[in-house]
Amino acid sequence: MLEALHRACLRAGIATSYHDVWGRRIEVAPSNLAALLAEFGFGRHAPDDASAWEAELAEREAAQWRRALPPVHVVQAGEPLQVPLRLAADAPRIDWSLTDEQGAVRRGSLALDGVAERARREVDGQWFAERVAAIADTLPMGYHRLRIEGRPEETLVIAAPPRCYVAGQDEDGDSEARHWGIAVQLYGLRSARQWGIGDFGDLAALVAPAAR
């Protein structure tokens, strides 16, 4: 009876159960799941109203197919930009523009008849095809905005570095360099002068021994 509700949670990224500190599996009450979904923009349906949840899921799926570009797309900086497109199956080509953080614009055109379809669906009596299109050869690290001419939406393209900073190396990659530090949550500091939650006075008191 709650299958549709749980599928709506899966779509929204809401867990329907969790394990407590003693390792016991706890199922979230359906009424709480429905309330959370409402906060995520879903309709305020009764938890066991399967038809309402099914209808909303179908409409959200159709709306996703009507949108040509995803809202956000993450790529690795320096790698080619390949973006999923959902357009009318008979669309011949697209003209695109890519704007970086400094405002520089790159433009191009792509013929779609040579791009293989990954999926196809009929929405509102029209067939849409999903293709993965190669837009640009490489992207520098940063945020970029991709638009298709004639379409209202855009994609925020995030070109991320290949990995996070690795501690223990200097700028030249010398792994023998010594790096260390202290991370502290201000509210986690304890001292005799306060009642169980730290403040900037406690932080100041920590700085001197930490520096030594």
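Since we're looking at a predicted model, the values are computed, not measured.

Chemist: Quick question: what am I supposed to make of the pairing of strand β5 (residues 93-99) here?
Modeler: Consecutive side chains along a regular strand alternate between the two faces of the sheet. The element β5 is largely enclosed, with a buried count of five among its seven residues. Where β5 lies against strand β6 (residues 105-111), seven bridges are found, and the strand directions are antiparallel. Residue pairing across strands places W96 opposite G108, the latter belonging to β6. What sits between the antiparallel neighbours β5 and β6 is a turn of five residues, in which G103 has the positive phi angle 95°. Here β5 runs beside strand β9 (residues 142-148); their pairing, made up of four bridges, is antiparallel. Note on β9: the bridge partner recorded for S97 is R147.

Chemist: Just to check I follow, could you spell out the packing of helix α1 (residues 3-12) against helix α3 (residues 50-66) for this structure?
Modeler: Relative to each other, α1 and α3 sit at 30°, their axes nearing to 8 Å. As summarised for this structure, α1 and α3 are arranged roughly parallel, according to the angle between their axes. Crossing geometry of α1 relative to α3 is assigned as left-handed. Listed contacts from α3 to A4, L5, R7, A8 and R11 of α1 are A50, W53, E54, L57, R60, E61 and Q64.

Chemist: Can you help me understand the side chain of D20 in this one?
Modeler: Summarising the element assignment, D20 is placed in the loop between β1 (17-19) and β2 (25-27). At 2.9 Å, the side chain of D20 forms a polar contact with the backbone nitrogen of W22.

Chemist: Is there a simple way to explain the pattern of salt bridges in this structure?
Modeler: Oppositely charged side chains can form a pair if their charged atoms are brought close together. Tallied over the entire structure, the rule returns 18 salt bridges. Put simply, D20 and R24 hold a salt bridge, and the shortest N to O gap is 2.8 Å. Overall, the relative accessible area of 17% leaves D20 in the buried class. For the salt bridge of D202 with R193, the shortest nitrogen-to-oxygen distance reads 3.3 Å. D202 gets classed as buried once you look at its relative accessible area, which sits at 7%. You can call R193 exposed: its relative accessible area is 53%. Among the charged side chains, a network of salt bridges with common partners joins R11, E61 and R121.

Chemist: How should the pairing of strand β10 (residues 154-160) be read in this particular structure?
Modeler: Residues T155, V157 and A159 of β10 are buried on one face, while the alternating residues E154, L156, I158 and A160, pointing to the opposite face, are not. In the sheet, strand β3 (residues 72-76) pairs with β10 via five bridges, with the strands oriented parallel. Each residue of the ladder has a partner; that of V72, found in β10, is L156. Of the pairings in the sheet, the one linking β9 to β10 comprises six bridges and is antiparallel in character. Paired with R147 across the bridge in β10 is E154. Taking the residues between adjacent antiparallel strands as the criterion, β9 and β10 are bridged by five residues, where G150 takes a positive phi near 90°.

What counts and what doesn't
Residues numbered from 1 in each chain as written. Predicted model: local features only at pLDDT ≥ 70, side-chain atom pairs only at ≥ 80, totals over all residues. Heavy atoms only, no water. Buried < 20%, exposed > 50% of the residue type's maximum accessible area, 1.4 Å probe, protein only. Helix = DSSP H or I, 4+ residues; strand = E, 2+ residues; numbered from the N terminus. Pairing = 2+ DSSP bridges. Axes fitted to C-alpha atoms, helices over the stretch in contact; angles between N-to-C directions. Parallel < 35°, antiparallel > 145°, perpendicular 65-115°, else oblique. Left-handed = near helix turned anticlockwise from the far one by under 90°. Contact = heavy atoms within 4.5 Å. Polar contact = N/O pair within 3.5 Å; in protein donor to acceptor, adjacent residues only side chain to side chain. Salt bridge = Lys/Arg side-chain N within 4 Å of Asp/Glu carboxyl O.

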